[in-house]
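Read off the chains here:
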Amino acid sequence: MQHDTHYQNHAHQQGLVLPTPSMQNQIHELAKSLPPPRKQNTACDACRSRKVKCNRLQGNDKCQHCLSKNYPCTHYVQQATSEKKRGSAVSRRPRHLSSASLNAPSPTTPRYASPIPETQIPSSPPVVIQRPIPLLVRYGFYPPITLATSTRDVLRFVFAPPDPASDPITFSAGHEPSPYDPWGESASKLADENFRAEFALDLVEVFFQIVHTRLPLLNPEQFRNRLHLQPSALPSDNSPPLHPALVATVIAWGTKFSEHPLLVADRRRPGGQSLLAKTLIDRARDLAEALKVHRVPSSDHVVISLLIEPLQNQNPDDPNGFHGFWLTSATRHLLDLGINHKSVMANIQDPESRGTMIFAWWMTCICDAYASAYYRRKPILDDDDYDIDFYTVDPINPDMTDPQGPVPSPREQLEFLGYYRAAHSLARTARQMSRQLWRPATDSDGISYENVFTFSKALGEWRDEYLNLVGVPSNFQGEWDFVSAVSSCASDATYHVMWIILFNALDDFGVKELNAGITTPDTLVLIDTTKRKVADEAVHGALRIAGLAGVLTSNGYLRLDPAVMHISCILAGTLLARLGRPEVANCIAGLKQYSYAYEEAGDQANDMTRRYNLARVGDMDVNHMASVVTRVPSGSPPSQNNAMVVDDQIHRTNGSSNGFTAAGTFTKPTLYGQ
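Each residue is numbered by its place in its chain's sequence as written, counting from 1. Local features are withheld for residues below a pLDDT of 70 in this predicted model, meaning they are given only at 70 or higher, and side-chain atom pairs are given and counted only at 80 or more; totals for whole chains, interfaces and linings count all residues. Think of the side-chain values as coming from all heavy atoms in the structure, minus any hydrogens and water.

Side note on the packing of aromatic side chains
So, step 1. Here a pair means two rings of Phe, Tyr or Trp (six-membered ring of Trp) with centres within 6.5 Å. Their orientation is stacked below 30 degrees between planes, edge-to-face above 60, and tilted elsewhere. Inspection of the entire model under this criterion finds 17 aromatic pairs.
So, step 2. Where Tyr 180 meets Trp 183, the ring centres are 6.0 Å apart and the plane angle is 50°; that geometry is what we call tilted. We note that Tyr 180, like Trp 183, is buried.
So, step 3. Ring plane angle 75° and centroid distance 5.1 Å describe the contact between Phe 207 and Phe 208, whose orientation is recorded as edge-to-face. For every residue, the accessible area (1.4 Å probe, protein chains only) is compared with the maximum for its type, and the residue is labelled buried under 20%, exposed over 50%, or partly exposed between those bounds.

Observations concerning the packing of helix 25 (residues 584–594) against helix 26 (residues 600–616)
So, step 1. Geometry is summarised by axes, namely lines fitted to C-alpha atoms with helices restricted to the contacting stretch, and by angles between N-to-C directions that run from 0 to 180 degrees. Only DSSP runs of H or I with at least four residues qualify as helices, and only runs of E with at least two residues qualify as strands; both kinds are numbered from the N terminus onward. Packing of helix 25 against helix 26 brings their axes to within 7 Å, and their N-to-C directions diverge by 160°. Considering their axes alone, helix 25 and helix 26 lie roughly antiparallel with respect to each other. Considering how the two elements wind past one another, helix 25 and helix 26 form a crossing that is left-handed. The segment helix 25 lies against helix 26, with Val 584, Cys 587, Ile 588, Leu 591, Lys 592 and Tyr 594 engaging Ala 601, Gly 602, Gln 604, Ala 605, Met 608, Thr 609 and Tyr 612.
So, step 2. Here the residues of the contact of helix 25 with helix 26 are counted per class, giving nine nonpolar, three polar and one charged. Small angles under 35 degrees read as roughly parallel and large ones over 145 as roughly antiparallel, with 65 to 115 read as roughly perpendicular and the rest as oblique. By convention, the crossing between two helices is left-handed when the near helix turns anticlockwise from the far helix through less than a right angle, and right-handed when the turn is clockwise. By the convention used here, residues are in contact when the closest approach between their heavy atoms is within 4.5 Å. Residue type decides the class: Asp, Glu, Lys and Arg count as charged, Ala, Val, Leu, Ile, Met, Phe, Trp, Tyr, Cys and Pro as nonpolar, and the leftover types, Gly among them, as polar.

Here we look at the confidence of the model for the protein
So, step 1. Per-residue confidence for the protein gives a mean pLDDT of 77; residues scoring 70 or more make up 69%.
So, step 2. Segment residues 89–129: pLDDT under 50, and eight contacts once partners within four positions in sequence are set aside and those in other chains are kept.
So, step 3. In the predicted structure, residues 637–674 sits below a pLDDT of 50 and forms 107 contacts with residues beyond four places in sequence or in another chain. The quantity known as pLDDT measures the predictor's confidence residue by residue, on a range of 0 to 100.

Some thoughts on the pattern of salt bridges
So, step 1. A pairing counts as a salt bridge when a side-chain nitrogen of Lys or Arg comes within 4 Å of a carboxyl oxygen of Asp or Glu. Within the structure shown, the criterion is met by 22 salt bridges.
So, step 2. Glu 205 is paired through a salt bridge with Arg 224; the nearest N and O atoms lie 2.7 Å apart. With Glu 205 in helix 8 (residues 193–211) and Arg 224 in helix 9 (residues 220–227), the pair connects residues that are 19 residues apart, well separated along the chain.
So, step 3. The buried category is assigned to Glu 205, whose relative accessible area is 17%.
So, step 4. For the salt bridge of Asp 528 with Arg 532, the shortest nitrogen-to-oxygen distance reads 3.0 Å. With Asp 528 and Arg 532 both in helix 23 (residues 521–554) and four residues apart, the pair spans about one turn of that helix.
So, step 5. Connected via shared salt-bridge partners are Arg 463, Asp 464, Lys 533 and Glu 537.

Focus on the side chain of Glu 600
So, step 1. Mapped onto the fold, Glu 600 is located in helix 26.
So, step 2. Charge assignment in this entry is limited to Lys and Arg as positive and Asp and Glu as negative, and neither His nor the chain termini are counted. The buried charged residue Glu 600 lacks any salt bridge partner; its closest oppositely charged side chain belongs to Lys 256, at an N-O distance of 6.4 Å.
So, step 3. Not counting chain neighbours up to four residues away, the residues in contact with Glu 600 comprise Gln 312, Asn 313, Gln 314, Asn 315 and His 566.

Looking at the side chain of Ser 372
So, step 1. Among the structural elements, Ser 372 can be located in helix 16 (residues 351–374).
So, step 2. If sequence neighbours within four positions are ignored, Ser 372 has contacts with Arg 377, Lys 378, Pro 379, Ala 430, Ser 434 and Trp 438.

Considering unusual backbone geometry
Glycine aside, the phi torsion of most residues is negative, and most peptide linkages are trans.
So, step 1. Of note in the backbone geometry, Lys 292 takes a positive phi value of approximately 60° without being a glycine.
So, step 2. By the element assignment, Lys 292 lies in the loop between helix 12 (275–290) and helix 13 (299–308).
So, step 3. On the accessibility criterion, Lys 292 (34% relative accessible area) is partly exposed.
So, step 4. Here the phi dihedral of Ala 563 falls at roughly 70°; this positive angle occurs in a residue that is not glycine.

Side note on helix 25
Every α-helix carries 3.6 residues per turn, so stepping three or four residues along brings you back to the same face.
So, step 1. Burial analysis of helix 25 places eight of its eleven residues in the buried class, which makes it a mostly covered element.
So, step 2. Considering only its buried residues, helix 25 is in contact with helix 23, helix 24 (566–578) and helix 26.

Quick look at helix 12
So, step 1. In this model, helix 12 (16 residues) spans 22 Å end to end at C-alpha, consistent with the 22 Å of a helix rising 1.5 Å per residue.
So, step 2. Within helix 12, burial applies to Leu 276, Ala 277, Thr 279, Leu 280, Ile 281, Arg 283, Ala 284, Arg 285, Leu 287, Ala 288 and Glu 289.
So, step 3. Think of a polar contact as two N or O atoms within 3.5 Å of one another; within protein, one of them needs to be a possible hydrogen donor and the other a possible acceptor, and neighboring residues in sequence only count if both atoms come from side chains. Residue Ser 274 occupies the N-cap position of helix 12, its side-chain oxygen lying 3.4 Å from the main-chain nitrogen of Leu 276.
So, step 4. Among the residues trailing helix 12, Lys 292 stands out with phi positive, at a value near 60°. In this analysis, the expected span of each helix is defined as 1.5 Å times one less than the number of residues it contains.

Written out as structure tokens, the structure reads:
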């Protein structure tokens, strides 16, 4: 009753309508029945940055997302937020204390009031250990990088100091310590904004000189004009800045091949690898993920995805390496944008944008087919997924071109030479092979003879129609430019590696009819003849690739190759090593040169050497195809017969038994700044 009287006296003070005691009780009962409030700040940094639910199973140190991505499951933001709240709570003056009880703080008095009684305050202040906050946490939350961020601010993120190295480098006497020390003795210059801009410009030029010749997805002039890194370079129009992930990707590519003194100094470590290059590759990928390049379809995101894919580690067994993720993202974006429809492409008015998207489509289409054959997976695209005209023009007679006119772009050079048409034809065969070879039924039952015969016939037809046009000529003389040399060798090697892929599949799965024991004498003869043909073509293809790798290695081209010949060297060298063929030395040397830009290539060369040594003592790793391959006698000295060694060595030509001498020379491009 007293409560009701008190309520009546105060309920309508100053016009307020307060809840009655009975309503207060109902609110209390309702509150007890509600579920407990959700915990705040419990998501890890990776899940928080991607705005996904953080699920951690009991007994695991990592959440499910970090386990699947092999990320470190950290909680730096949670810790920082909690510490800030605790500090603000402690520093907040209690309201119930009188002013008389508050003493003015002296200069030595701690800023925060201590919750410990004065008699229990330790004699020495506690030591606060500050952990370095990861770069993505710093830049992922403040300041944020958006599509409107200027290129100079993007460079501040890209070239931010690295995390402390576990094994610090020893520098010369007098070296002044710097947060950039893990990147070498000269990396401290990156603290200067003007040096960062000059360094970025150097790396951009290296990208266009080396990578652009094989992946001509960008317009060099437009890209340079939109960088705005020169002190006098001010935006002449209202065009937005370059996509931050695109800038980071181009710069990361440049670090792979640049001979800038800063990178040369960084490579002075065991293995000769640049830690700066590795870090920039990771940051380019992380920035692309943060800006949702893989989720939002757009023309910029297509180009970025296609450039990131070959930039990464090319070892499919590496959890942080090549998985076809970015190639798949580019494929999905192109399909969502409707680039596979002729009607959509016809409505793109800007010729530059239309040409870039058409080229990106055919590059994606070809790479998807080849990757499915290389890495044993089903292709995403099929022959009926597109109806646009093939992106090429008729070959142009060199005598009709104007020598005083502008030099054709790498994309135009490849169009004129017919590489795209030949590559698309071979890609269709590779796509058909992948759909039949990498099925679970094939793994358990074997490959049908009909499929083996069909694939062999298709490869033979491609050789007769295209190889002499786009492959390495049987007797090349004079000087070759970089684009022609690498493109011809890549086309030549891609064809021959298809025979190696078919051989490996037959060796692993066998022929279905033989496995089931349902053959007749006539069928046995046909199967044996086809198996021998595949084996002969595969060995010849491996020798051919070894010879091409030797030519490119001797000219230093594999040091400058953005992984175009990488998989061919691996598959060809592995087959030669399994058979104990000494020609594997060319592939091993090529992979060691590749390791300058792709660290995993060094390990692949060592594994190839191990396989070769085992084969030389009689341990040949051959299964279903053992009856049709020539065994190297155990312990016999390496033979130089049929060796495809570079320069002045005789080896076979495109599909014929005649030899030719690799007497031609290549013209190596000049790196910017050298």
